[in-house]
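The primary structure of each chain is shown beneath.
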Amino acid sequence: ELFIKNGYNIELLTTEGQDVVDTGLKYVHNDTCYPALLTIGQLIHALESGKYDLNKTALMITQTGGGCRASNYIHLLRKALVKAGMGYIPVISLNMSGLEKNSGFKLTLKILKEAVAILAYGDMLMLLSNQVRPYEINKGDSDNMVDKWLSIIISQMKQNIADKFEQMGKNFKEISKDFATIETQKRDIVKVGVVGEVYAKFSPLANNNLEKFLHEQDCEVMLPSLMGFMIFKVDNRLEDIKLYGGSKIKAKVVDFLIRYLTKIEKVFIEAISLPSKFKVPSPYKHVKALAEGVISYGSKMGEGWFLTAEMLELIEQGYENIVCCQPFGCLPNHIVGKGMIRKIKERNPRSNIVPIDYDPGATKVNQENRIKLMLA
């Protein structure tokens, strides 16, 4: 909706299934990380579906600019398109690092500001619905509330007011109040946190609908917010400048971004804490402090120290059972995720962490059985 409003006819792909995986395996080398295989497979699968006029279609993919292979997905995608006989299809890089420019697309400050607001709204709806859904008396109430607020936010976006700071603060409070009115009955159920490589953590395609599976096992699920990860990525730029030097102008821009995101985070947290009914997420500053003495802040490739800190925050919040999503080929994730479990357990003996591998050859049954064993 954001891009459509700004003049771009964009469709967000939500296709799932083995066909997507098989297409990825056909066009991407099988030693490449699983998220790359899935995203490229999903895009080419869509082009091969016959649904689109290929002479009037372009592809868009995010590019982080970091050391992770996510910086290289775009080149792997272009190579795959040539192999599929569709090398003429343009590929647009969605990035904030100035890696590539495209004559048909421009990422403006206005779009970025609206995107940050949408990110915050998504985090709030995810956080509150996950805390209400397992306890609701009338099944479906939390999902209906999510739909209600999505409709309101989309309407406000069309009016160009959804990203205004005052409107965001008002919306956050109203969303929190609305979810607090849903009739619930507290029960003693298993609480599970989910961490991992950012795509495998949030994408149902990558984690075989992990969140849905955990709900079916009668668990309360906690996914730490995407906003925290965004602040972490911006904060890393500031750390680089502090450690290695760099442009003073860039440092000021990065500092402004952190202050802006932290300002939104503060209003977000205050709104959730108002009804005193919900678990309130910790501010980024506190999450960062949890990692001190456990893992170096210099470990920032991929999800870096932030993934370890998220596990520590979940344990502190009472989500001692944790699923760590490990996609194939993501070396940083195996170090800061699976590699830190022993150290975390030494500090928090009650923690119950299970790393689950996601790759083209891993069976859903095996993954779910390992999770069931952890829950038991």
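Residues numbered from 1 in each chain as written. Predicted model: local features only at pLDDT ≥ 70, side-chain atom pairs only at ≥ 80, totals over all residues. Heavy atoms only, no water.

**Q** Explain the sheet that holds strand β4 (residues 219-222) to me, please; I cannot follow it from the model alone.
**A** Sheets are built from strands that pair by backbone hydrogen bonding, the pairs being arranged parallel or antiparallel. Pairing is parallel in the open sheet, where four strands are placed in the order β4-β3-β5-β6. Two strands close off the open sheet at either side, each with one partner strand: β4 and β6 (352-358). Looking at each pair of strands side by side, their axes are set apart by 25° on average, direction ignored. Across seven bridges, strand β5 (residues 321-327) lies against β6 in parallel orientation. The residue bridging Cys 324 from the neighbouring strand is Pro 355, located in β6. (Pairing = 2+ DSSP bridges. Helix = DSSP H or I, 4+ residues; strand = E, 2+ residues; numbered from the N terminus. Axes fitted to C-alpha atoms, helices over the stretch in contact; angles between N-to-C directions.)

**Q** I'm lost on the nonpolar core in this one. Help?
**A** Grouped together as the largest cluster of nonpolar side chains are 67 residues, with contacts concentrated most on Tyr 121, Met 124, Phe 172, Ile 175, Phe 179, Ile 264 and Trp 305. Beyond its immediate sequence surroundings of up to four residues, Ile 175 is in contact with Tyr 121, Met 124, Leu 125, Leu 128, Trp 149 and Ile 153. Among the nonpolar cores identified, the runner-up in size contains 26 residues, and Leu 37, Cys 219, Val 323 and Cys 325 belong to it. (Core = buried A, V, L, I, M, F, W, Y, C linked by side-chain atoms within 4.5 Å. Buried < 20%, exposed > 50% of the residue type's maximum accessible area, 1.4 Å probe, protein only. Contact = heavy atoms within 4.5 Å.)

**Q** Teacher, can you tell me more about the packing of aromatic side chains here?
**A** Any pair of aromatic rings gets described here by the distance separating the centres and the angle formed by the planes. Under the counting rule described, the total for this entry stands at 13 aromatic pairs. Ring plane angle 40° and centroid distance 6.0 Å describe the contact between Phe 229 and Phe 232, whose orientation is recorded as tilted. With Phe 229 and Phe 232 both in helix α10 (residues 226-244), this residue pair falls three residues apart, about one helical turn. The same class applies to Phe 229 and to Phe 232, which are both buried. One Lys or Arg, Lys 186, reaches over the ring of Tyr 135 and ends 3.9 Å from the middle of that ring. Lying across the ring of Tyr 297, Lys 288 places its NZ or CZ 5.3 Å from the centre. (Phe/Tyr/Trp six-rings, centres within 6.5 Å; stacked < 30°, edge-to-face > 60°. Lys NZ or Arg CZ within 6 Å of the ring centre and 35° of its normal.)

**Q** Would you mind going over helix α2 (residues 18-27) with me for this structure?
**A** Each α-helix winds once per 3.6 residues, and so residues spaced three or four apart point in a common direction. Turning to α2, its buried residues number three or more, namely Val 20, Val 21, Thr 23, Gly 24 and Tyr 27. End-on view of α2: buried residues confined to an arc of 160°, all on one side of the axis. Facing away from the buried side of α2 by over 90 degrees, the exposed positions are Asp 19 and Lys 26. (Arc of directions from axis to C-beta.)

**Q** Sorry, what's going on with empty space enclosed by the protein here?
**A** Empty space among the atoms becomes apparent when a probe as large as a water molecule is rolled across them. Taken as a whole and judged by the stated rule, the model has four cavities of 30 Å³ or more. Residue lining of the largest cavity: 24 residues in total, with Pro 224, Ser 225, Pro 281, Ser 282 and Glu 313 positioned closest to the centre. Among the elements of the structure, α5 (109-132), α10, α11 (248-273), α12 (284-290) and α13 (304-317) are those that each provide at least two residues to the lining of the largest cavity. Partitioned by chemical class, the residues of the lining of the largest cavity number 15 nonpolar, four polar and five charged. If you add up the space inside the second largest cavity, you get close to 60 Å³. Lining the second largest cavity, in full, are Gln 131, Val 132, Tyr 135, Thr 184, Lys 186, Lys 277 and Phe 278. Partitioning the lining of the second largest cavity into residue classes produces three nonpolar, two polar and two charged. (1 Å grid on protein atoms, 1.4 Å probe; cavity = no way out; pocket = protein on both sides within 12 Å on 5 of 7 lines; lining within 4 Å. Points joined across faces, edges and corners; volume = space filled by probe spheres on them. Nonpolar A, V, L, I, M, F, W, Y, C, P; charged D, E, K, R; others polar.)

**Q** Please explain the side chain of Thr 23 as it appears in this structure.
**A** In this structure, Thr 23 sits in helix α2. According to the relative accessible area criterion, Thr 23 is buried, its value standing at 9%. Among all residues touching Thr 23, those that are not within four sequence positions of it are Gly 41, Ile 44, His 45 and Glu 48.

**Q** Looking at this model, I keep getting lost on the side chain of Asp 235. Mind explaining?
**A** Along the chain, Asp 235 turns up in helix α10. When its relative accessible area of 7% is taken as the criterion, Asp 235 is described as buried. At a separation of 2.8 Å, a polar atom in the side chain of Asp 235 contacts the side chain of Lys 288. (Polar contact = N/O pair within 3.5 Å; in protein donor to acceptor, adjacent residues only side chain to side chain.)

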